[in-house]
Amino acid sequence: MIELHDVSRSYDDGSRRTTALPAVSVTARDGAVLWLAGASGSGKSTLLGIAGLLLRPDSGSVRLGGTDFTRASDAQRTAARRRLIGFVPQQPRLFRDLTAAQNVALATARAVPDPSALSLVGLAHRADSKVKTLSGGEQQRVAITRALQTGSAALLADEPTSALDDDNARSVLALFRRLADDGRCVVIASHDPRVGEIADDELTLEAANR
Ligand code: ADP
């Protein structure tokens, strides 16, 4: 479970102060999908980064699995992130000339890919295929599998369907649903209304600088 209480974040470039995220509170429950919705620039990525301990908020508190990490050291936050959080960035950097299994193995300390990892996302049959031969949806599944290797209590994804056609988007969303049904806490930042079909909870952000 991830509990965010009154978290906010702004940026100062010297001449101008930008509010990236006005103070918001939200809880991402275990076994549920939380959809962070809102227009581009409304602060979805910023909130996802705060929830994933990648960014520190200017104010408010961040609790993960009941522990308050707001004022924890960078080392403690990194250790918690590695243990608990899988992060699927907006543009996952996969090695296109390596196989799906090799890409997943790179996220772990293992030299040999674990064949069961890709079966969890329905891709066991493509484990030895080079990433460049996979569809967009299959590549997204490889990125999700990789994220699950580094922490799987919570899975956070930034616009995971934005580059996918309808079929691929729906199968990736069905996968997120299943991963939540297995007990994980899933958070999806997205302006894609299809996410609403699989979400349990929703927070719509409003752009602050209008
Ligand atoms: P979204 O994910 O909803 O598109 P973001 O969280 O990426 O929104 O950004 C929210 C606002 O904060 C935007 O106006 C963006 O330009 C600004 N912002 C985000 N990151 C930075 C940064 N590192 N420096 C300055 N402004 C930023």
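Please refer to the structure placed before this passage.
Just so it is clear, the structure is predicted and the values come from calculations on it, not from any experiment. (Residues numbered from 1 in each chain as written. Predicted model: local features only at pLDDT ≥ 70, side-chain atom pairs only at ≥ 80, totals over all residues. Heavy atoms only, no water.)

Observations regarding the pattern of salt bridges
This structure, assessed with the given rule, holds 13 salt bridges. Arg-17 is the salt-bridge partner of Asp-12, the closest N and O atoms lying 3.3 Å from each other. Judged by relative accessible area, which is 52%, Arg-17 ranks as exposed. Taking the shortest distance from any N to any O, the salt bridge between Arg-184 and Asp-182 comes out at 3.8 Å. One salt-bridge network, in which partners are shared between bridges, spans Asp-166, Arg-170, Asp-192, Arg-194 and Glu-197. (Salt bridge = Lys/Arg side-chain N within 4 Å of Asp/Glu carboxyl O. Buried < 20%, exposed > 50% of the residue type's maximum accessible area, 1.4 Å probe, protein only.)

Side note on the site of the ligand
Every residue near the ligand is listed here: Tyr-11, Ala-20, Ala-39, Ser-40, Gly-41, Ser-42, Gly-43, Lys-44, Ser-45 and Thr-46. A distance of 2.9 Å is found between an oxygen atom of the ligand and a side-chain nitrogen or oxygen belonging to Lys-44. In the model, an oxygen atom of the ligand is placed 2.8 Å from a nitrogen or oxygen of the Ser-45 side chain. Look at the ligand: alone it shows 560 Å² of surface, and the protein chains cover 60% of it. At three residues, helix 1 (residues 44–51) tops the list of elements feeding residues into the shell around the ligand. By residue class, the composition of the shell around the ligand is three nonpolar, six polar and one charged. (Near = heavy atom within 4 Å. Polar contact = N/O pair within 3.5 Å; in protein donor to acceptor, adjacent residues only side chain to side chain. Areas by Shrake-Rupley, 256 points an atom, 1.4 Å probe, with all protein chains shown as cover. Helix = DSSP H or I, 4+ residues; strand = E, 2+ residues; numbered from the N terminus. Nonpolar A, V, L, I, M, F, W, Y, C, P; charged D, E, K, R; others polar.)

Observations concerning the packing of helix 5 (residues 136–149) against helix 6 (residues 166–181)
Packing of helix 5 against helix 6 brings their axes to within 9 Å, and their N-to-C directions diverge by 20 degrees. Classed by the angle they form, the pair helix 5 and helix 6 counts as roughly parallel. Crossing angle aside, the handedness with which helix 5 passes helix 6 is right-handed. In this structure, helix 5 uses Gly-137, Glu-138, Gln-140, Arg-141, Ile-144 and Leu-148 to contact helix 6, whose residues at the interface are Asn-168, Ser-171, Val-172, Leu-175, Phe-176 and Leu-179. A class-by-class count of the residues in the contact of helix 5 with helix 6 yields six nonpolar, four polar and two charged. (Axes fitted to C-alpha atoms, helices over the stretch in contact; angles between N-to-C directions. Parallel < 35°, antiparallel > 145°, perpendicular 65-115°, else oblique. Left-handed = near helix turned anticlockwise from the far one by under 90°. Contact = heavy atoms within 4.5 Å.)

Quick word on unusual backbone geometry
Phi is positive for Leu-53, close to 60 degrees, though the residue is something other than glycine. Among the structural elements, Leu-53 can be located in the loop between helix 1 and strand 4 (59–64). Phi is positive for Glu-159, which is not a glycine, with a value near 45 degrees. Structurally, Glu-159 is set in the loop between strand 7 (154–158) and helix 6. Since its relative accessible area comes to 7%, Glu-159 is described here as buried.

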